[in-house]
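What follows is each chain in one-letter form.
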Amino acid sequence: MMSEERDALSLTDDDDDDIEDDGNKSILQGILSKWTNYIHGWQDRFIVLKNGMLSYYKSENDTAFGCRGAISLQKASLTPHEFDECRFDVSVNDCLWYLRAEDEETRQTWIDAIEIHKQAESGYGSENSLRRQGSIMSLTSAASLSTTSASSFKRGRGLREKLAEMETFRDILCRQVDTLQNYFDACSEAIDDEGIHEGDHDDIDDVDDFDSPVPLTRIDARETISRKLQENHKDHKDLHSIFQSHGAQAIDFKGESYTFKATTAGILATLSHCIELMSQREDAWKKRVEREIEKRKRVEDLYRASINDRTKPLVLGGPDYEEGPHSVMNEDEFFDAVDATLDKIDQETDRKILQLTKPKVIKPPQTSLSPVHPLYQEIQDVVSGHMQFTDFDLTSFEAADWQLIAEETDLCVYRRELEEDGMIVDPLKIVFTMKGVTGHEVCQQFWDVNYRTEWEGTLESMKVIEWVSEDTVITYQTHKRIWPSTQRDSLFWSHICKKQCEHEDDSDTWLVCNYTTNHVDVPPNNKFVRVKFNIAMLATTIIDPPADGSEITRDNLTCKLQYSANVNPGGWAPATVLRAVAKREYPKFIKRFTQYVRDRLDNAPIMF
C-alpha cells in the first residue's frame, strides 16, 4: 500500500519535447545590399544571423574562409529607415551597418529575427529565457520539489502545472483521511461487538486467587468470575485481545505520517513556486511595458524631430548623403561633392589624351541596315528629326525659346528648361566651329567604338552588344560613379550617316545619333540607374580652296558642328545642381573632344 501511494506521489515531467530551447534560436541568412563607402556604394553581401551575432561575407561561397565583419546584437540598436521602405540600420557604438533588402516584406523578416536574437541575448526579453528543467518530483525530497518547474515560464504552462500538482496532493490527503477513518470505524465496531472469549475462562486455573469469606469450590469460583466479567466487561475489556483479533486491519502510522508531512510540504512548496512564477511573469510584463513605452517615446521623438526638421548626426559618406529626395545634403554640399569628383575625372582624362595610344581596331560588318530590321524605322525617324537643323540658323533657336546660357569664342550653348515627371531633362544645343578637320572625320571619331574610351572620361566600361550593320552598333556602357549620385549605365544604338545632297555643290554634312534602346542581353540592373538620351553630333565641312589651285590642306578646312543632347539622367538630384553641372560640363566636354580630334588627326591624311 505504501509503495503504491508513493508511486502515485512521484510525478515525471513528460513535456520536455514541448519546451523551446533558447540555444537553438532560428538562423537567418541571405543576400542583402550593404553600404560599403561613397565610392562603391551599395554592394550585395551574404548576411548570416546566428547565436545573437550578425556577420557578413562577400558571397555565400566565402563562408568557409571566415566572415568579413560581425557585430553582437546584445547592445545593438536597430533602426528602420524613415523613408526607404527596404532599408534598416544596425549600430553598436561607432560601428554602423547600412543594409537594404529587396522589398519591404524581406526587411521586416530580418528586423523581426534580429529583435528575437536581441531579446534572447539580453536575458530578460523573452519568456522562454525562464526555461524549465526536466526533473522527477518526489514528495519525500524538498530539494526535488524546488527544481520542479521552478524556472519554467513557458507561455501559459507554469501555473497550470502547479495547479495540477496541488490537485494531486489533495487527492492523496483525501485517501489518507479515508484510510484513517476506516481504521477507527473498525476499532469502534470491534469494541461494541466483542464478547467474552472462551479462552478467558480456561485461563483461570487457580480459585485461590479470589478473595472470598468462605471457601469456594472450583465451579463456584468460575461462576463468580464469569458473573463479574459480565457485569464489568464494558469497563474492563481486554484491549490486547481486541487489537490482536483485528491486527489484519492495522496500518503503518509512521509511514502515513511521513507521507502526510511530505504532502503538506509539497503543497506549501507548490504554492511558493506559484507565487514565484507570478512574480516572474509580473516582472516580464513590466519590462515589456517599459520597452513599449520606450518605443513609443522614440517614435514621438522622431515625429517631433521631423516636424522641427531636425536630423540625427550621420556618418559622412553614408547612404543618407547620397542622391535621393531625402538626402540630408544641401544643394551646395551636393554640388561641391559632384564638382570635386568631376575635376578628378577631368584630370585623369586629360592625362589619358596626352598619352594617346593606338586603339584596338574593331571592324564593323560590311552590311547595310536592312529595312526589315526592327530598328530601321526608328533610326530613320530620329535621323530625320536631327537633319532639320543643318542650316545652323541661331536666330531660329532663339525663336524656339532656346536660351543662350554660355558664349565663348566660336562656341554658343543653348538650353530649354524642361521637366518630365519631376526630372530635369533640359534639352541642350552647342554650336561651335573648329579648324583643320572635316565633318566626316569629327563624326567618325565620335561614332567609332575604337576611340570612344579615349575621349570619354566618364566611362568605366564599354561593351559592344550587337553590330546591327556597318554603320549602326548597339553599345552598353557603365559610367564612373560621381558621388553622391548613384552610378549610371546606358544602352543605346549609335548610327553614322551622310546627308543626302541634291546637288554636288551642297555642303558635306555628316550625322551621328546615339539613342537609348532595349536589348534582351542587357536587362536593367538594380545596381545602376539607367540613363535615357537622344544625342546627335551634326558636322558640316566648309572648304576654302587655295587661290593658286594647289592641293587642299587642313588649313583650308573649317568644320561647323552642332551637338544636341536631350538626356534624362533618371534617379534624383537637385535641379540647380543638374543645371549647374550641365552648364559647366557640356562646354568642357566639347573642348576636350575637339582637342582630342586635332591631336589624333594632326598628321593624318584628310578624310572627306
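Reading the values: rules and limits
Residue positions are given per chain, counted from 1 along the sequence in the order it is written. Only residues with pLDDT of 70 or above have their local features reported here, since the model is predicted, and side-chain atom pairs are shown and tallied only from 80 upward, although totals for entire chains, interfaces and linings are computed over all residues. Working from all heavy atoms in the structure, the side-chain values ignore hydrogens and water. Under the scheme used here, helices are H or I runs from DSSP no shorter than 4 residues and strands are E runs no shorter than 2 residues, and both carry numbers assigned from the N terminus. Remark: exposure states derive from per-residue accessible area (1.4 Å probe, protein chains only) relative to the maximum for the residue type, with buried under 20%, exposed over 50%, and partly exposed in between. Note on areas: Shrake-Rupley, 1.4 Å probe, and residue coverage restricted to the protein chains presented here. Put simply, two rings from Phe, Tyr or Trp (the six-membered ring, in Trp's case) pair if the centres are within 6.5 Å, and we call them stacked under 30 degrees between planes, edge-to-face over 60, tilted for the rest. In this scheme, the term charge over a ring applies when either NZ of a lysine or CZ of an arginine sits within 6 Å of the ring centre and within 35 degrees of the ring normal. When DSSP finds two or more bridges between a pair of strands, those strands are recorded as paired. Think of each axis as a best-fit line through the C-alpha atoms, taken over the contacting stretch in the case of a helix, with angles from 0 to 180 degrees between the N-to-C directions. Multiplying 1.5 Å by the helix residue count minus one yields the expected span of that helix. The directions from the helix axis to the C-beta atoms are what the arc is built from. In what follows, a contact means two residues having at least one pair of non-hydrogen atoms within 4.5 Å. By convention a nonpolar core is built from buried Ala, Val, Leu, Ile, Met, Phe, Trp, Tyr and Cys residues, the set being connected through side-chain atoms within 4.5 Å. Each patch is built from residues that are more than 30% exposed by relative accessible area and take part in no salt bridge. Like charges join if they lie within 9 Å; nonpolar side chains (Val, Leu, Ile, Met, Phe, Trp, Tyr) join within 5 Å. When a carboxyl oxygen of Asp or Glu is within 4 Å of a side-chain nitrogen of Lys or Arg, the pair counts as a salt bridge. Within this scheme the basic residues Lys and Arg register as positive and the acidic residues Asp and Glu register as negative, but His and the chain ends are omitted. The location of each charge is read from NZ of Lys, CZ of Arg, CG of Asp or CD of Glu. Polar contacts, as used here, are pairs of N or O atoms within 3.5 Å; protein pairs need one atom able to donate a hydrogen and one able to accept it. Residues neighboring in sequence count only if both atoms are side-chain atoms. Note that the term roughly parallel is reserved for angles under 35 degrees, roughly antiparallel for angles over 145, roughly perpendicular for angles of 65 to 115, and oblique for everything else. When residue character is reported, Ala, Val, Leu, Ile, Met, Phe, Trp, Tyr, Cys and Pro are called nonpolar, Asp, Glu, Lys and Arg charged, and the others, Gly included, polar. What pLDDT expresses is the predictor's confidence in each residue, scored from 0 to 100.

### Quick word on the overall build of the protein chain
- Helix and strand content of the protein chain: 14 helices and 21 strands.
- Expressed as a percentage of its 608 residues, the buried residues of the protein chain come to 42%.
- Split by element, the accessible area of the protein chain, about 35,600 Å² in all, is 50% carbon and sulfur.

### A short note on the packing of aromatic side chains
- For the structure on display, the rule yields 14 aromatic pairs.
- An angle of 55° between the planes, with centres 5.4 Å apart, marks the rings of Y563 and F589 as tilted. Here Y563, found in strand β21 (residues 557–568), pairs with F589, found in helix α14 (residues 575–601); they are 26 residues apart in sequence, far enough to count as distant. Assigned by exposure class, Y563 and F589 land together as buried.
- Through successive ring pairs, a cluster of aromatic residues spans F446, W455, Y563, Y586, F589 and F593.
- Of note, K34 hangs over the ring of Y56, and the distance from its end group to the ring centre comes to 4.6 Å.

### Quick notes on the sheet that holds strand β5 (residues 69–72)
- Reading across the sheet, the seven strands line up as β5-β4-β3-β2-β8-β7-β6 and stay open at both edges, with antiparallel pairing between neighbours. Only two strands of the sheet have a single neighbouring strand rather than two, namely β5 and β6 (77–80). Strand-to-strand, the axes of this sheet are offset by a mean angle of 30°, without reference to chain direction.
- Where strand β7 (residues 87–92) lies against strand β8 (residues 95–100), six bridges are found, and the strand directions are antiparallel. Within β8, the residue paired with D89 across the bridge is Y98.

### Points about helix α10 (residues 376–387)
- Over its 12 residues, α10 runs 17 Å from end to end, which matches the ideal 16 Å to within 8%, given 1.5 Å per residue.
- Looking at α10, one finds that the buried residues are I379, V382, V383, H386 and M387. Taken end-on, α10 shows its buried residues confined to a sector of 135°, consistent with a single buried face.
- On its buried side, α10 packs onto β16 (472–479), β17 (488–498), β18 (508–516), β20 (532–543) and β21.

### Points about the nonpolar core
- With 39 residues, the main nonpolar core has I430, F446 and Y563 as its most contacted residues.
- Per-element accounting of this core gives the leading share, eight residues, to α14.
- Those residues in contact with Y563, other than ones at most four positions away along the chain, are L428, K429, I430, F432, F446, I535, A536, M537, Y586, F589 and I590.

### A few points about a negative patch on the surface
- Among the surface-exposed residues, D44, E85, E102, D103, E104 and E105 lie close enough to one another that they form a single negatively charged patch.
- Looking at where D103 falls in the secondary structure, it is placed in the loop between β8 and α2 (104–122).

### Some points on the pairing of strand β3 (residues 41–50)
- Most of β3 is tucked away, with seven of its 10 residues classed as buried.
- Across nine bridges, the pairing between strand β2 (residues 28–37) and β3 is antiparallel. Bridged to G30 within β3 is I47.
- Bridge count between β3 and strand β4 (residues 53–57): five bridges; the pairing is antiparallel. Residue I47 lies in a different strand from β4, and its bridge partner there is Y56.
- The hairpin turn running from β3 into β4, its antiparallel successor, is two residues long, and N51 in that turn takes a positive phi close to 55°.

### Structural notes on unusual backbone geometry
- A cis amide bond, omega 15°, links W483 with the succeeding residue P484.
- Of note, P484 is situated in the loop between β16 and β17.
- Phi is positive for N51, which is not a glycine, with a value near 55°.
- You will see that D410, though not glycine, has its phi angle at about 60°, which is positive.

### Some remarks on the side chain of D426
- In this structure, D426 sits in the loop between β13 (423–424) and β14 (428–435).
- According to the relative accessible area criterion, D426 is buried, its value standing at 12%.
- Separated by 2.7 Å, the side chain of D426 and the backbone nitrogen of L418 make a polar contact.
- Among the polar contacts made by the side chain of D426, one reaches the side chain of R579 at a distance of 2.6 Å.
- Apart from the residues lying within four places of it in its own chain, the contact partners of D426 are R415, R416, E417, L418, A565 and R579.

### Description of the packing of helix α12 (residues 439–447) against α14
- Running from amino to carboxyl end, α12 crosses α14 at an angle of 110°, the nearest separation of the two axes being 11 Å. Classified by the angle their axes make, α12 and α14 are roughly perpendicular. Seen from α12, the contacting residues are E441, V442, Q445 and F446; seen from α14, they are F589, F593, Y596, V597, R600 and L601.
- Here the contact of α12 with α14 is built from residues that sort into seven nonpolar, one polar and two charged.

### Overview of the pairing of β4
- Most of β4 sits out of view: four of its five residues are buried.
- With four bridges connecting them, β4 and β5 associate as antiparallel partners. The residue of β5 that forms the bridge with M53 is S72.

### Observations regarding the pattern of salt bridges
- Scanning the entire structure with this criterion turns up 20 salt bridges.
- E585 is paired through a salt bridge with R584; the nearest N and O atoms lie 2.5 Å apart.
- By sharing partners, the salt bridges in this structure join D339, D343, D346, R584, E585, K588 and R592 into a single network.

### Re the confidence of the model for the protein chain
- Confidence in the prediction of the protein chain, expressed as mean pLDDT, is 76, and 72% of residues score 70 or more.
- A low-confidence stretch, residues 124–156 stays under pLDDT 50, and its non-local contacts, those more than four residues away or across chains, total 92 contacts.
- When the criterion is pLDDT under 50, residues 195–214 qualifies, and its contacts beyond four places in sequence or with other chains add up to 18 contacts.

### Side note on the environment of D84
- Looking at where D84 falls in the secondary structure, it is placed in the loop between β6 and β7.
- A relative accessible area of 22% means that D84 is categorised as partly exposed.
- For D84, the residues in contact, after removing those within four places along its chain, are R100 and R107.
- A polar contact is formed between the side chain of D84 and the backbone nitrogen of C86, at a distance of 3.1 Å.

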